[in-house]
Amino acid sequence: MANSAGQGATSVSQATKRKSGAHALPTGFAARDLCARILRQILAKYQPLDETLGLLDGAETPLAPNDRAFVRAIVSTALRRKGQIDDALARFITSPLPDKRGLLDEILLTGGAQLLFMETPAHAVINIAVEQTRRDKGARRFASLANAVLRRVAGAGADIVAAQDAARLNTPDWLWSRWAAHYGDAAARAIAEQHLIEPPLDLTVKADPERWAERLGGIALPTGSVRLAARGRVEALDGYGEGAWWVQDAAAALPARVLGDIAGQRVADLCAAPGGKTAQLARAGAQVMAVDQSTKRLERLRENMARLGLTAETVAADVTTWRPDAPFDAVLLDAPCTATGTIRRHPDIPHLKRPADLEKLADLQTRLLDNAVTMLRRGGVLVYCTCSLEPEEGIRQIDRLLAQRDDLSLEPIDPAPLGARPEWTRSPGILRTLPHQLPAEDPAMSGIDGFFVARLRKSGA
Ligand SMILES: C[S@@+](CC[C@H](N)C(=O)[O-])C[C@H]1O[C@@H](n2cnc3c(N)ncnc32)[C@H](O)[C@@H]1O
């Protein structure tokens, strides 16, 4: 990882100098400038990280691959560690700042992430941050403040970080108190600690996980996923072009398998795109109908299936109202949710989601689930899942459904064929993973997304 002053950016500085006739920008300016702009989009405009990274492609002068990776690393660190960075910066900002201060906060956050967590040389970080401040109309008057604050953070940063409660500071209060109430204080802390660790890459392979693990330099997990510490473009990894595997967190690979043997069955994959679970169902020999309301995301699903050489019928429809021509043998509903179980992979989530989002999504899940049940034949199996840690999006949906319908019952999930750990299947018919529940000696190979999965059967033959 390029963590020096941002290799590859010299050409950007020279080009800018030639164009404007102004003095040369410091090496690495373009990368840090993009970081501040990306962070602004996420923190002030609530745009998801994946979408803001599109700014990388729209850059006036394209960034070198090293610089692109550096931008991703800074932004991800800034989001993951924002509570700690803000706490460190605040110690040296002695008087309140006016509301109008341009990109100052994002520039300081970009600088703080590098100084405190990325071992980037302090002089480069501070020079660039001061130049960014000078060039931003709204922040210009704070250039000497940026200089003084970042210098002090550079000097005292290691001691400050050593004394901080990292898990607590980086977790919003509302999420911390919900997790403590539902899972207990120790689990809430363990979850938050796992979020600080950059997660490994998990793959679902069509066959032979042991051989692929060896070929790719990773490990085969007991669940059958292949886990790699590898970084960089997944398209460049062995087996991508031939469609031997797809990217899917080890927990995300469990719900489709909870359906059991589905070979030859008609299976509905509801809220299917981009198709990680569709691929599993098709690979298991089912006739799959993949339904999603987003035509754009369904297009991606079709591309993914084509690369993998797998087939599924696709339908663009709203699953809260859609009716199939005939009932299905099995239904998988992977409902949209707050995705608080995936914070380690998406460190923007705590900065984007609010309690009101939870309420809205829980209501949508209720409507999706109620309609999904109507698509199931008598005697058929329904699997409901979300990648959320919040009970409203998991167990409470199932409790409500069971209280309203006497033709459905929870059916025990056998952990053995799933390679599931005992703590994931503590109540019959429910599987629940928490982010810290797949420990490993090497922290970089640890963790699993937080998923809720329920298996229900409709009575009758
Ligand atoms: C959690 S993602 C699904 C991930 C997918 N199952 C996979 O494994 O790759 C949720 C999906 O729900 C879709 N969605 C949201 N509301 C919907 C609705 N009312 N009807 C159909 N699809 C919906 C979104 O477009 C999104 O693709």
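Nothing here was measured: the structure is a model prediction, and the numbers come from that model.

What follows is about the UniProt feature "binding site: S-adenosyl-L-methionine" (unreviewed entry) in the protein. The feature "binding site: S-adenosyl-L-methionine" (unreviewed entry), as given by UniProt, occupies Cys271, Ala272, Ala273, Pro274, Gly275, Gly276, Lys277, Asp292, Asp318 and Asp334 in the numbering adopted here. The residue Ala272 is located in the loop between β5 (266–270) and α15 (276–283) in this model. Those residues in contact with Ala272 that sit more than four places away from it in its chain are Thr278, Ala290, Val291, Asp292 and Leu301. Residue placement: Asp318 occurs in the loop between β7 (313–316) and β8 (328–334). At 2.7 Å, the side chain of Asp318 forms a polar contact with the side chain of Thr320.

This next bit is on the packing of aromatic side chains. One pass over the full model with this rule turns up three aromatic pairs. Centre to centre, the rings of Tyr384 and Phe452 are 6.3 Å apart; their planes meet at 65°, and the pair counts as edge-to-face. Of this pair, Tyr384 sits in strand β9 (residues 376–386) while Phe452 sits in strand β12 (residues 452–458); the two residues are 68 residues apart in sequence, bridging distant segments of the chain. Grouping residues by exposure puts Tyr384 and Phe452 together as buried. Arg307 extends its terminal NZ or CZ atom over the ring of Tyr240, reaching a point 4.0 Å from the ring centre.

Time to look at the UniProt feature "active site" (unreviewed entry) in the protein. When the UniProt feature table is mapped to this numbering, "active site" (unreviewed entry) covers Cys387. The residue Cys387 is located in the loop between β9 and α19 (395–404) in this model. Classification of Cys387 as buried rests on a relative accessible area of 16%. In this structure Cys387 touches Cys337, Ala339, Thr340, Gly341, Thr342, Gly450 and Phe451, once residues within four positions along its chain are discounted.

For the rest of this paragraph, the subject is the domain arrangement of the protein. Taken domain by domain, the protein consists of domain 1 (10–164) and domain 2 (201–458). Its C-alpha centre places domain 1 at a distance of 37 Å from the equivalent point of domain 2. Contact residues are listed per partner, giving 11 residues for domain 1 and eight residues for domain 2. Both faces combined, the contact of domain 1 with domain 2 buries some 750 Å², and carbon together with sulfur accounts for 63% of it. Together, Tyr46, Leu79 and Arg80 form the three largest contributors to the area buried by domain 1 at its contact with domain 2, with a combined 53%. At the junction of domain 1 with domain 2, the criterion picks out zero salt bridges. In this structure, the connection of domain 1 to domain 2 is made through four residue pairs in polar contact (both at pLDDT 80 or more).

Moving on, we come to the sheet that holds strand β2 (residues 219–220). One open sheet holds the four strands; their spatial order is β2-β3-β1-β4, and the pairing between them is antiparallel. Across the chains shown, the open sheet's two edge strands, defined by having one partner strand only, are β2 and β4 (245–247). Pairing of strand β1 (residues 201–205) with β4 involves three bridges; the strand directions are antiparallel. Following the sheet pairing, Leu203 is matched in β4 by Val247.

To continue, consider the nonpolar core. One finds Leu259, Leu281 and Leu431 to be the most contacted residues of the largest nonpolar core, which totals 51 residues. Secondary structure elements with two or more residues in this core: α11 (173–183), α12 (185–194), α14 (254–258), α15, β6 (287–292), α16 (295–308), β8 and β9. Apart from residues lying up to four places away in sequence, Leu281 is in contact with Ala256, Leu259, Ile262, Val267, Asp269, Ala286, Val288 and Leu332.

A few words now on the site of the ligand. Surrounding the ligand, one finds 17 residues, the nearest of these being Lys277, Asp292, Arg297, Val319 and Asp334. The separation between an oxygen atom of the ligand and a polar side-chain atom of Arg297 is 2.6 Å. Between the ligand and Val319 there is a distance of 2.9 Å, counted from a nitrogen atom to a backbone nitrogen or oxygen. Its free accessible area being 600 Å², the ligand has 86% of it covered by the protein chains. Classifying every residue of the shell around the ligand by side-chain character gives eight nonpolar, four polar and five charged.

In this section: the pairing of β7. Note: β6 against β7, four bridges, orientation parallel. Opposite Met289, over in β7, you have Glu313 as the bridge partner. As for the winding sense of the linkage, the β-α-β connection from β6 through α16 to β7 is right-handed.

Below, the discussion takes up empty space enclosed by the protein. Scanning the entire structure with this criterion turns up one cavity of 30 Å³ or more. Within this model, the largest cavity holds a volume of roughly 100 Å³. What lines the largest cavity is a set of 14 residues, among which Arg80, Asn170, His195, Ile343 and Pro350 lie closest to the centre. Among the residues forming the lining of the largest cavity, the class breakdown is nine nonpolar, four polar and one charged.

Moving on, we get to the side chain of Asp407. In this structure, Asp407 sits in the loop between α19 and β10 (408–410). At a separation of 2.8 Å, a polar atom in the side chain of Asp407 contacts the side chain of Arg405. For Asp407, the contacting residues outside a window of four places in its chain are Arg457, Lys458 and Ser459.

A few words now on the packing of helix α2 (residues 29–45) against helix α7 (residues 104–117). Two elements in contact, α2 and α7, have axes whose closest approach is 8 Å; the angle formed by their N-to-C orientations is 115°. In this structure, α2 meets α7 at a crossing whose hand is right-handed. Contacts between α2 and α7 involve Arg32, Cys35, Ala36, Leu39, Arg40 and Leu43 on the former and, on the latter, Glu106, Ile107, Leu109, Thr110 and Gln114. For the contact of α2 with α7, the per-class residue count stands at six nonpolar, two polar and three charged.

All right, on to the pattern of salt bridges then. For the structure on display, the rule yields 31 salt bridges. The residue Glu198 makes a salt bridge to Arg80 at a minimum N-O spacing of 3.7 Å. With Glu198 in the loop between α12 and β1 and Arg80 in helix α5 (residues 65–80), the pair connects residues that are 118 residues apart, well separated along the chain. What makes Glu198 partly exposed here is its relative accessible area of 38%. With its nearest N and O atoms 2.9 Å apart, the salt bridge here joins Asp238 to Arg215. Residue Asp238 is located in the loop between β3 (226–228) and β4, and its partner Arg215 is located in helix α13 (residues 209–216); the two are separated by 23 residues in the primary sequence.

Conventions and cut-offs
Residues numbered from 1 in each chain as written. Predicted model: local features only at pLDDT ≥ 70, side-chain atom pairs only at ≥ 80, totals over all residues. Heavy atoms only, no water. UniProt positions renumbered as here; feature names shortened; annotations may be inferred. Helix = DSSP H or I, 4+ residues; strand = E, 2+ residues; numbered from the N terminus. Contact = heavy atoms within 4.5 Å. Polar contact = N/O pair within 3.5 Å; in protein donor to acceptor, adjacent residues only side chain to side chain. Phe/Tyr/Trp six-rings, centres within 6.5 Å; stacked < 30°, edge-to-face > 60°. Buried < 20%, exposed > 50% of the residue type's maximum accessible area, 1.4 Å probe, protein only. Lys NZ or Arg CZ within 6 Å of the ring centre and 35° of its normal. Domains from an automatic or database assignment. Buried area = accessible area lost by both parts, 1.4 Å probe. Salt bridge = Lys/Arg side-chain N within 4 Å of Asp/Glu carboxyl O. Pairing = 2+ DSSP bridges. Core = buried A, V, L, I, M, F, W, Y, C linked by side-chain atoms within 4.5 Å. Near = heavy atom within 4 Å. Areas by Shrake-Rupley, 256 points an atom, 1.4 Å probe, with all protein chains shown as cover. Nonpolar A, V, L, I, M, F, W, Y, C, P; charged D, E, K, R; others polar. Right-handed = clockwise from strand over helix to strand, strands pointing away. 1 Å grid on protein atoms, 1.4 Å probe; cavity = no way out; pocket = protein on both sides within 12 Å on 5 of 7 lines; lining within 4 Å. Points joined across faces, edges and corners; volume = space filled by probe spheres on them. Axes fitted to C-alpha atoms, helices over the stretch in contact; angles between N-to-C directions. Left-handed = near helix turned anticlockwise from the far one by under 90°.

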